[in-house]
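Listed below are the residues making up each chain.
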Amino acid sequence: MTSSRRALAAVLTLAFVLSCGCAVIPVGSPTAPEEAVGGDLTKPFVRMIVSPPKNDWTPQKVVEGMLAAMAAYPDDPTTLLQYMTQKARNAWRPVGPITVIDPPTFKEGNGTVELTANKIARLEDDDRYVSDTGKLTQTVYLKKEAGGWRVDGGLKNGLVMRADDVDRAYRPTLLYYLNGAQKPDGLLVSDAVHLRLKPGENLAETIIERLLKGPSSALRGAVGTALTGNVGVDSVTATDDKVVISLSGAPALADTDAFKAQLRASLEKVTAAQPIDVMHNGEPYILGIQPNDAQTWYPSTKSPSYYTTGGAVHFTSTEGAGNAVNGQAGKPNGYTGQALSKDGDKVAAVGADGIYVAPVNPNGRWERVMEGRLTSPSWHRDGSLWAFEKGSGAVLRRDQGGAPTRVAAPELDGKDVTDLRISRDGVRVAAGVGGREVRVGAITGGSLGLMLGNFQQLLTVRQDETIKDIAWRDGEHLLVLVSGKAGQTLMEIDVGDGETATLTSDKRLDSIAALGPQIMAGTLDEATGGPAEILEFKDQQGWVTKVKETSQEPIFPLG
């Protein structure tokens with residue numbers, strides 16, 4: 001999900017508009033509400049005002065109005081109940097995730113309305129927007145009372161909202177937490193949420209309040225935060241030259257620089273170049289937070305690119321093909337799945353009986369560090385090496401110079417794990433399962449004992465498709481190479497909300513590697529089926545040749 005900066009002047013207008021009032025849109029009628037005017041995050045808050053059902057409404061119109069009332073329920077919980085008989089009110093509960101749907105269709109019967117819609121997503125209780133599929137089919141039973149038709153039964157617990165209503169009432173937001181490492185390796189980790197706009201509260205206040213509650217379930221137990229304690233947000237105001245955040249309660253600040261980075265990054269969409277001052281109980285707390293206070297806390301997207309030929313690791317150059325790295329890692333061998341450590345000083349690869357590592361120096365020699373039938377290795381930024389051992393079904397981790405240890409991963413137990421990739425921030429992990437699924441979780445546990453948890457299913461391909469390779473582009477996006485009857489498809493998936501984009505593909509693609517804006521792919525020769533060349537993805541040109549000589553796989557450090 002790409003974030004964009006907005007002019008602070010517009011944001012300040014938003015803040016004052018929201019503190020004084022809001023635009024209102026009547027959505028109680030079955031007709032669609034009018035869209036608000038303005039930019040994505042700078043438009044005034046639109047409060048959806050719903051009206052109760054009318055005496056002359058048909059059953060279908062009552063159900064349509066009820067959906068509109070569900071969209072307004074968090075701000076107005078009373079009007080929705082007016083659409084129900086007492087029996088339905090007693091039975092229905094607004095619990096569980098919100099189901100987000102496409103525009104529904106209705107089929108009216110004798111006192112019934114069948115509602116059918118395509119599911120799009122779920123809005124979880126912790127504000128995560130999770131991609132969902134399938135059909136929602138619900139038969140709503142109505143009863144005619146003195147005031148007209150009312151819903152009498154058939155409602156499932158929880159709210160159902162049309163996607164347009166979610167777009168009006170919520171804002172997709174990236175919150176930022178800490179990967180737990182100390183500087184200079186401490187990094188920000190993004191947590192994607194959808195925040196509901198609140199009457200009388202500007203967006204900056206909503207973001208800060210949610211940031212202080214801690215991460216969503218996707219990152220719970222995997223990341224930290226620099227400010228804890230019983231903290232409240234009294235206000236966020238602005239002048240011509242700065243933004244002022246007023247806190248109350250009893251904050252506990254562990255690391256001033258880290259909190260500056262968290263706050264600045266999380267408010268990126270609603271602050272521009274102005275400094276931020278944080279006050280506590282009316283007294284100065286943290287002053288002069290600058291836009292660049294977050295810059296050094298993002299994972300780097302700059303690194304040389306590499307590739308293998310005959311198993312030997314080579315640098316790329318401006319001309320394409322480059323020199324081999326030093327030591328045995330730069331000489332032809334029978335290894336596959338080569339992976340580079342964070343600083344490019346070690347190469348790991350899969351051999352017939354385990355994983356081998358070779359230092360990148362003139363005297364560097366291969367040494368077996370893990371035994372068994374293992375997936376391609378993945379380096380953590382702390383220098384540890386990770387892989388999945390297929391025989392025992394175990395996730396293995398090896399510290400520098402130590403022996404491999406097993407890492408608990410209960411959600412992968414009994415699964416056919418084909419790929420295991422640690423993200424460059426050292427927090428998330430992507431797993432390919434059975435050649436048809438991709439799941440994303442996180443490294444949790446900390447000092448209590450590492451484990452892989454918080455997994456969610458990110459992608460499932462069709463029966464006639466196979467997942468060939470996966471690679472982290474950055475901490476928020478995963479590339480997945482899918483092979484099917486129509487050829488190869490390269491997908492980019494936002495791990496926060498599951499949004500998927502298809503990049504220009506090439507039927508020869510066989511492996512992928514990425515780092516920020518750079519994407520490379522290994523290809524197969526169409527005639528022989530053997531290794532061909534390395535391609536690079538250019539947004540305007542599609543795939544272009546990077547290395548012409550016979551090459552196997554592209555590589556970037558980590559990922």
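For the structure given in this document, a descriptive report is provided here. (Residues numbered from 1 in each chain as written. Predicted model: local features only at pLDDT ≥ 70, side-chain atom pairs only at ≥ 80, totals over all residues. Heavy atoms only, no water.)

### Describing the nonpolar core
As a rule of thumb, soluble globular proteins bury nonpolar side chains together.
Then step 1. The biggest cluster of nonpolar side chains holds 43 residues, and the ones touching the most others in it are Leu188, Ile245, Leu263, Leu267, Ile276 and Val278.
Then step 2. Secondary structure elements with two or more residues in this core: strand S10 (170–178), strand S11 (188–196), helix H6 (203–213), strand S12 (227–238), strand S13 (243–253), helix H7 (256–266), strand S14 (276–280) and strand S15 (283–289).
Then step 3. Ranked by size, the runner-up nonpolar core spans 38 residues in total, among them Met70, Ala72, Tyr73 and Tyr129. (Core = buried A, V, L, I, M, F, W, Y, C linked by side-chain atoms within 4.5 Å. Buried < 20%, exposed > 50% of the residue type's maximum accessible area, 1.4 Å probe, protein only. Helix = DSSP H or I, 4+ residues; strand = E, 2+ residues; numbered from the N terminus.)

### A look at the sheet that holds strand S23 (residues 378–379)
Then step 1. The four strands are arranged S23-S24-S25-S26 in an open sheet whose pairing can be described as antiparallel. At either margin of the open sheet sits one strand with a lone partner, and together these are S23 and strand S26 (405–407).
Then step 2. Where strand S24 (residues 385–389) and strand S25 (residues 394–398) come together, five bridges link them in antiparallel fashion. Residue pairing for S25: Leu385 is matched across the bridge by Arg398. (Pairing = 2+ DSSP bridges.)

### Some words on the pairing of strand S5 (residues 112–123)
Then step 1. Two elements, strand S3 (residues 98–101) and S5, share four bridges in a ladder whose sense is antiparallel. Opposite Ile101, over in S5, you have Lys119 as the bridge partner.
Then step 2. Taken together, the four bridges between strand S4 (residues 105–108) and S5 define a ladder with antiparallel strand orientation. Residue pairing in the sheet places Glu108 in a bridge with Val113 of S5.
Then step 3. Hairpin connection of S4 to S5: three residues between the antiparallel strands, including Gly111 at a positive phi of 75 degrees.
Then step 4. Alignment of S5 against strand S7 (residues 135–145), held across seven bridges, turns out to be antiparallel. Within the sheet, the bridge partner assigned to Val113 lies in S7 and is Val140.
Then step 5. Relative to strand S6 (residues 129–131), S5 is paired through three bridges, and the arrangement is antiparallel.

### Quick word on the sheet that holds strand S29 (residues 437–444)
Then step 1. A sheet is described by the order of its strands in space; here four strands give the open sequence S27-S28-S29-S30, paired in antiparallel fashion. What marks the edges here is a single partner per strand, and that holds for strand S27 (417–422) and strand S30 (451–460). Averaged over all pairs of adjacent strands, the angle between strand axes in this sheet comes to 25 degrees, irrespective of strand direction.
Then step 2. Taken together, the five bridges between S27 and strand S28 (residues 428–433) define a ladder with antiparallel strand orientation. Each bridged residue has a counterpart across the sheet, and for Ile422 the counterpart in S28 is Val429. (Axes fitted to C-alpha atoms, helices over the stretch in contact; angles between N-to-C directions.)

### Observations concerning the environment of Lys485
Then step 1. With respect to the element layout, Lys485 can be found in the loop between strand S32 (477–484) and strand S33 (487–494).
Then step 2. In this structure Lys485 comes out as exposed when scored by relative accessible area, which is 76%.
Then step 3. Along the backbone, Lys485 and Leu219 are 266 residues apart, and their C-alpha atoms lie at a distance of 36 Å.

### With respect to the packing of H6 against H7
Then step 1. H7 packs onto H6 with a crossing angle of 135 degrees between their chain directions and a minimal axis gap of 10 Å. With respect to H7, the element H6 is oriented oblique. Of the two possible hands of crossing, H6 and H7 adopt the one that is right-handed. Across the interface between the two elements, Ile207, Ile208 and Leu211 of H6 pack against Gln262, Leu263 and Ser266 of H7. (Parallel < 35°, antiparallel > 145°, perpendicular 65-115°, else oblique. Left-handed = near helix turned anticlockwise from the far one by under 90°. Contact = heavy atoms within 4.5 Å.)

### What to know about the packing of aromatic side chains
Then step 1. In the structure shown here, the tally under the stated rule is seven aromatic pairs.
Then step 2. Note on Trp57 and Tyr83: the rings are 6.4 Å apart at their centroids and 40 degrees apart in plane angle, and the pair reads as tilted. Separated by 26 residues along the polypeptide, Trp57 in the loop between strand S2 (46–49) and helix H2 (59–72) and Tyr83 in the loop between helix H3 (77–81) and helix H4 (86–91) bring together distant segments of the chain.
Then step 3. Since its relative accessible area comes to 10%, Trp57 is described here as buried. (Phe/Tyr/Trp six-rings, centres within 6.5 Å; stacked < 30°, edge-to-face > 60°.)

### Brief notes about the pattern of salt bridges
Then step 1. All chains considered together, the criterion is met by 29 salt bridges.
Then step 2. As a salt-bridge pair, Asp165 and Arg162 come within 3.4 Å of each other at their nearest N and O atoms.
Then step 3. On the basis of relative accessible area, Asp165 is assigned to the buried category, the value being 3%.
Then step 4. Lys242 is paired through a salt bridge with Asp277; the nearest N and O atoms lie 3.0 Å apart. With Lys242 in the loop between S12 and S13 and Asp277 in strand S14, this residue pair connects regions lying 35 residues apart in the sequence.
Then step 5. For Asp277, a relative accessible area of 10% puts it in the buried group.
Then step 6. The network of salt bridges with shared partners includes Arg122, Glu124 and Asp132. (Salt bridge = Lys/Arg side-chain N within 4 Å of Asp/Glu carboxyl O.)

### Observations regarding the side chain of Asp419
Then step 1. Take Asp419: it is sitting in strand S27.
Then step 2. A distance of 3.4 Å separates the side chain of Asp419 from the side chain of Thr418, its partner in a polar contact. (Polar contact = N/O pair within 3.5 Å; in protein donor to acceptor, adjacent residues only side chain to side chain.)

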